[in-house]
Amino acid sequence: MTQTVELPLWLFVLIVLFAAVTFASHFLFPSVRWFFRRRLERAVARLNRRLERPIQPFKLARRHDMIQSLIYDPQVGQAVRDHAEAEGIPEAVAFEKARGYAREIVPSFSAFTYFSFAIRLARFLSNAFYNVRLDYQNEAAIKGIDPNATVVFVMNHRSNMDYVLITYLAAQRSALSYAVGEWARVWPLSRLIRAMGAYFIRRKSGSDLYRQVLACYVRHATEAGVTQAIFPEGGLSLNGKLGRPKLGLLKYIIDGSDPEKRDVVFVPVALNYDRVLEDTILTAAANRAERRFRARIGVIMGWVLKQIWRRVTGRYKRFGYAAVRYGEPLSLRTFQRSTDEELTIPLARELMSRIGQAVPVLPIPFVSWQINTNGPMSRANLEQALVERNPTCDASEVTALIDEGLTQLTDRRILVEQGDAFAVGPERPDLLRYYAASVDHLLRPHDTGDAASAESDAAIAGS
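Here goes a summary of the coordinates provided. (Residues numbered from 1 in each chain as written. Predicted model: local features only at pLDDT ≥ 70, side-chain atom pairs only at ≥ 80, totals over all residues. Heavy atoms only, no water.)

1. What to know about the packing of aromatic side chains
- For the structure on display, the rule yields 14 aromatic pairs.
- Relative to Tyr178, the ring of Tyr163 lies with its centre 5.3 Å away and its plane at 65°, an arrangement referred to as edge-to-face. One end of the pair, Tyr163, is in helix 8 (residues 161-169); the other, Tyr178, is in strand 3 (residues 177-180), and 15 residues separate them in sequence. As far as the burial class goes, Tyr163 and Tyr178 line up, both buried.
- An aromatic cluster is built from Phe129, Tyr130, Tyr273 and Phe319, whose rings are joined through pairwise contacts.
- One residue, Arg202, lies across the ring of Tyr210, its end atom 5.4 Å from the ring centre.
- The ring of Phe319 has Arg275 sitting right over it, with the charged end atom 4.6 Å from the ring centre. (Phe/Tyr/Trp six-rings, centres within 6.5 Å; stacked < 30°, edge-to-face > 60°. Helix = DSSP H or I, 4+ residues; strand = E, 2+ residues; numbered from the N terminus. Buried < 20%, exposed > 50% of the residue type's maximum accessible area, 1.4 Å probe, protein only. Lys NZ or Arg CZ within 6 Å of the ring centre and 35° of its normal.)

Shown next, in the form of structure tokens:
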């Protein structure tokens, strides 16, 4: 036992390395993880004291644990058996496919990433591009939502800036859990989006097994009270109008809720911009009647470098207003008691109606609609039209708003001057129609639109 054993140096180094790894994995790493976990829990507790809706423990659970909980749920178990029988494959193979779907869907939320990095970046980008405005139809109703309810922000989808803008403006309320499409499943963007608590969805999956796994995740999040954000249109508006809602996620939320135990409150959120960053791409896709966005990475990087150069040389100007307006919240419990129908379709119709009524009327959409509808108009005619819509605006504000709209539209050659009037330019009439369409349902004369039009007047420039 006391004899000397000779070893080659490389073998001795290898043994020491294995010993060090074993020590670290069994003693050091668990202690370090526990230390940082305790610090994280204390930091989240402090953060929750200042949030209107605290972060739910479900969002803070380890991703591995969430995946295990999901794949061993009875709903997924039944879907695995049904898939194995339908495809004629072993259940073990179907189970591994369900596990793959769960890994694809489940986020890995990081409070540090969300509140220390993402919100600061969102604030910087929002204010760098736009004059940001936030407005409410009924602020008291928003603040009076049951603290134990699951809140779901339901938004129209105008731009990919929507994610950035809402993350920034909802920072004092809670951490939002977005449903994000396939476009974001690219490294390293996917890692950042998962860390922000977003979950990926396949919008056109034909697999019933996938849909059951997704529905199960949404049910778990809804039951746990996680604050969520969804775009019921499913994609960006190509023509500027509100699109028809997709019912999938909304149905999963309804099916996964028990309003008698925990109410679900839907908060309509309407967004509008003086300039949508992707407007040229979107209108080109609308003209082709297809949802394929041909935006090459070189074009995008060139645009970014151009904006940076303008800022360096002092010629940079923001793109007008970006406005967010919270509509009247809707309790699922109350809505369920008011109808005997299957809930999904009437609920989707009501939510889209409330979003439409809350859309902010901004200078460029307002000027675009007036000229697209009435033909060439002078500056004085446009100012008079704005005063008729919103008599509370003072003269200087009216002049500034109309100047804002006319300057940007003429700079981009969407409008051209004809004497003392402004008319549609020959180069980009589709862009004028695009911006006009975003407020057409509020500004066009019709018998039942007075209330909606009156609501929209106060939203000009997010007043």
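2. Looking at the sheet that holds strand 9 (residues 377-378)
- In spatial order, the strands read 9-11-10; together these three strands make up an open sheet with antiparallel pairing. Strands at the two margins of the open sheet, each flanked by one partner only, are strand 9 and strand 10 (415-418).
- With four bridges joining them, strand 10 and strand 11 (residues 421-424) adopt antiparallel strand pairing. Counterpart to Val416 in the pairing with strand 11 is Ala423. (Pairing = 2+ DSSP bridges.)

3. Regarding a positive patch on the surface
- A contiguous patch of positive charge, built from Arg203, Lys204, Arg244 and Lys246, is present on the exposed surface.
- As for its position among the elements, Arg203 is in the loop between strand 4 (199-200) and helix 10 (208-223). (Patch = residues over 30% accessible without salt bridge, like charges linked within 9 Å, V, L, I, M, F, W, Y side chains within 5 Å. Areas by Shrake-Rupley, 256 points an atom, 1.4 Å probe, with all protein chains shown as cover. Salt bridge = Lys/Arg side-chain N within 4 Å of Asp/Glu carboxyl O. Lys, Arg positive; Asp, Glu negative; His and termini not counted. Charge placed at Lys NZ, Arg CZ, Asp CG, Glu CD.)

4. Some thoughts on the packing of helix 5 (residues 91-105) against helix 10
- Running from N to C, helix 5 and helix 10 point in directions that differ by 50°, and their axes come no closer than 10 Å. Accordingly, the angle class assigned to the pair helix 5 and helix 10 is oblique. Relative to helix 10, the crossing made by helix 5 is right-handed. Side by side, helix 5 and helix 10 meet where Ala94, Lys97, Ala98, Tyr101, Ala102, Glu104 and Ile105 of the first sit next to Leu209, Tyr210, Val213, Leu214 and Tyr217 of the second. (Axes fitted to C-alpha atoms, helices over the stretch in contact; angles between N-to-C directions. Parallel < 35°, antiparallel > 145°, perpendicular 65-115°, else oblique. Left-handed = near helix turned anticlockwise from the far one by under 90°. Contact = heavy atoms within 4.5 Å.)

5. Comments concerning unusual backbone geometry
- At Arg413, a residue that is not glycine, the phi angle is positive and equals roughly 60°.
- Looking at where Arg413 falls in the secondary structure, it is placed in the loop between helix 18 (395-411) and strand 10.

6. Some points on the pattern of salt bridges
- Following the criterion strictly, the structure yields 15 salt bridges and no others.
- The shortest N-O distance in the salt bridge between Arg219 and Asp73 comes to 2.7 Å. Remark: Asp73 occurs in the loop between helix 3 (63-71) and helix 4 (74-87) and Arg219 occurs in helix 10; sequence separation between them is 146 residues. For the pair Arg219 and Asp73, one class covers both residues: buried.
- In this structure, Lys251 and Asp255 form a salt bridge, with 2.7 Å as the shortest nitrogen-oxygen distance. A residue pair is termed a helical-turn pair when its members lie 3 or 4 positions apart in one helix, as Lys251 and Asp255 do in helix 11 (residues 248-255) at four residues.
- Taking the relative accessible area as the measure of exposure, Lys251 reaches 36% and is therefore partly exposed.

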